[in-house]
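Given next are the chains, with one letter for each unit.
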Amino acid sequence: MSTNNFYRADIDGLRAIAVVSVIIYHIESSLLPGGFLGVDIFFVISGFLITGLLLKELQKTEKLNLQAFYVRRVKRILPALLTVILSTLIVGFLIFTPADYFSLLKSAIASLLSLANVFFYFNLDQGYFAKDTAEVPLLHMWSLAVEEQFYLIWPLLMAFIYKKKGLTFLFYTLLVILIFSLTLAQTSLKFDQPFAYYSLPTRAWELAAGAALSIYLQNKKETSKNISNILSLIGVLLISASFLVISKQSDIPGIDNIPLILGTLLIIVAGKNSDNISRRILSNKIIVFVGLVSYSAYLWHWPMIAFKKAKDQYFQSMVKLLYFTSHFFRYHFCDTSLQHKSSFTYIV
């Protein structure tokens with residue numbers, strides 16, 4: 001199935017905004033208190049793109065080739081993931097105590113099994129924002145686990161509902177999922193914040209929002225340039241305000257996250273107009289490039305930050321050397337080859 005007609009460079013640009021915000025937050029949270037919300041933008045984008053691609057296949061063939069879908073996912077995700085995990089285990093072996101290394105090893109296995117979010121929920125004494133988590137090299141794998149669990153469940157559910165009930169019913173099913181998941185997230189924040197933060201059931205509303213928008217925009221005409229620019233402006237303001245106002249004390253992923261999700265949806269809608277200002281800006285080649293490497297950037301940035309806490313300068317130099325060497329290998333032998341082989345290379 002060709003994806004050329006579906007590709008939008010501005011969405012890669014939006015992905016660039018997401019990954020840069022996350023990295024800035026992890027380097028110095030005071031610079032962008034809500035930068036960690038970049039992950040939530042990723043969730044919306046994933047729901048939007050995956051649903052759109054699956055829907056095109058369903059409408060064309062009346063069925064999904066699930067085996068081909070999952071093979072593409074594995075080819076897209078696994079090479080860079082394995083390289084990062086292996087590099088992290090090597091450096092961890094040199095730096096960590098046996099007890100800490102054993103914990104790292106368990107988190108690596110959970111990450112490979114797409115269960116990192118479950119592992120950290122049960123094995124970290126405190127939530128995502130606790131001080132101790134800054135030294136957990138694979139903590140960021142929780143969000144990849146949420147997406148991978150979504151990739152596993154959603155195509156099956158989507159194909160079943162589409163065949164039995166049709167597109168309209170599928171759309172309203174997503175709205176029900178969105179409302180239920182948001183309600184669960186907001187409720188869970190009061191008695192189990194780590195569950196609310198890490199779990200797929202409480203994050204599903206963000207993925208569902210993107211998925212519902214993808215269905216809603218099917219066969220919809222693009223809005224006028226003026227209206228799309230207004231939508232872009234509102235979207236930019238909502239996302240910018242969220243990055244600056246939201247903090248780790250906010251109700252995330254609850255109602256405090258609604259402005260960011262709405263802003264992301266508005267920018268995607270506005271970008272349907274090819275002459276839209278946000279689409280033109282986000283389609284800038286440099287911004288798009290950052291978006292195209294956002295998966296790798298996200299994978300690599302957090303272990304490097306976590307290991308940088310090692311006090312011994314010898315180990316810090318070794319860490320940098322190992323990561324740059326591994327990054328060079330990954331770029332030339334993993335990403336480059338897959339960009340030519342997989343039509344899903346731009347989706348994370």
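Residues numbered from 1 in each chain as written. Predicted model: local features only at pLDDT ≥ 70, side-chain atom pairs only at ≥ 80, totals over all residues. Heavy atoms only, no water.

A few words on the environment of Ala-211. Mapped onto the elements of the fold, Ala-211 is located in helix H9 (residues 200–216). With a relative accessible area of 1%, Ala-211 lands in the buried category. Along the chain, Ala-211 and Val-44 lie 167 residues apart, while their C-alpha atoms are 7.6 Å from each other. Setting aside anything within four residues of it in sequence, one finds Ala-211 in contact with Gly-47, Phe-48, Thr-51, Trp-154 and Leu-174. (Helix = DSSP H or I, 4+ residues; strand = E, 2+ residues; numbered from the N terminus. Buried < 20%, exposed > 50% of the residue type's maximum accessible area, 1.4 Å probe, protein only. Contact = heavy atoms within 4.5 Å.)

Bringing the confidence of the model for the protein into the picture now. The share of residues in the protein with pLDDT of 70 or more is 85%, and the mean pLDDT across the chain is 87. Note on residues 335–348: pLDDT is under 50 here. Beyond four places in sequence and across chains, it has 41 contacts. (pLDDT = per-residue confidence, 0-100.)

Moving on, we come to the nonpolar core. Note that soluble globular proteins tend to have their nonpolar side chains buried in a common cluster. Ile-41, Leu-81, Phe-120, Met-141, Trp-142, Trp-154 and Leu-299 are the most contacted members of the largest nonpolar core, which has 88 residues in total. Ignoring any residue separated from it by four or fewer positions in sequence, one finds Leu-81 in contact with Ser-111, Leu-112, Met-141, Leu-144, Tyr-295 and Leu-299. (Core = buried A, V, L, I, M, F, W, Y, C linked by side-chain atoms within 4.5 Å.)

For the rest of this paragraph, the subject is a nonpolar patch on the surface. Residues Phe-102, Leu-105, Ile-109, Leu-113, Leu-115, Val-118 and Phe-122 make up a contiguous nonpolar surface patch of roughly 680 Å² in combined accessible area. Secondary-structure elements contributing two or more residues to the nonpolar patch are helix H4 (98–112) and helix H5 (116–123). Per element, the largest residue contribution to the nonpolar patch is 3 residues, and it comes from H4. When you line up the elements, Ile-109 lands in helix H4. Among the residues examined, Ile-109 registers a relative accessible area of 47% and is labelled partly exposed. (Patch = residues over 30% accessible without salt bridge, like charges linked within 9 Å, V, L, I, M, F, W, Y side chains within 5 Å. Areas by Shrake-Rupley, 256 points an atom, 1.4 Å probe, with all protein chains shown as cover. Salt bridge = Lys/Arg side-chain N within 4 Å of Asp/Glu carboxyl O.)

Let's shift gears to the packing of aromatic side chains. Here the structure, examined in full by the defined rule, presents 15 aromatic pairs. Summarising the aromatic geometry, the rings of Phe-96 and Phe-307 are spaced 5.6 Å apart at their centres and angled 45° between planes, so their arrangement reads as tilted. Within this pair, whereas Phe-96 is found in the loop between helix H3 (66–95) and H4, its partner Phe-307 is found in helix H14 (residues 294–307), the two being separated by 211 residues in sequence. Judged by centre distance (5.9 Å) and plane angle (75°), the rings of Trp-142 and Tyr-198 are edge-to-face. Of this pair, Trp-142 sits in helix H6 (residues 141–165) while Tyr-198 sits in helix H8 (residues 193–198), and the two are 56 residues apart along the sequence. Given the relative accessible area of 1%, Tyr-198 is considered buried. Members of the aromatic cluster, connected to one another through ring pairs, are Phe-43, Trp-142, Tyr-197 and Tyr-198. In this structure, Lys-165 is placed above the aromatic ring of Phe-169, and the distance from its NZ or CZ to the ring centre is 5.8 Å. (Phe/Tyr/Trp six-rings, centres within 6.5 Å; stacked < 30°, edge-to-face > 60°. Lys NZ or Arg CZ within 6 Å of the ring centre and 35° of its normal.)

When charged atoms on two side chains of opposite charge get close, those side chains can pair. Scanning all chains against the criterion turns up 6 salt bridges. One salt bridge in this structure joins Arg-15 and Asp-12, with 2.5 Å as the shortest N-O distance. With Arg-15 and Asp-12 both in helix H1 (residues 9–27) and 3 residues apart, the pair spans about one turn of that helix. Asp-12 carries the same exposure label as Arg-15, and that label is buried. One salt bridge in this structure joins Glu-206 and Arg-203, with 3.4 Å as the shortest N-O distance. Remark: Arg-203 and Glu-206 occur in helix H9; sequence separation between them is 3 residues, near one turn of the helix. For the pair Glu-206 and Arg-203, one class covers both residues: buried. The network of salt bridges with shared partners includes Asp-40, Arg-203 and Glu-206.

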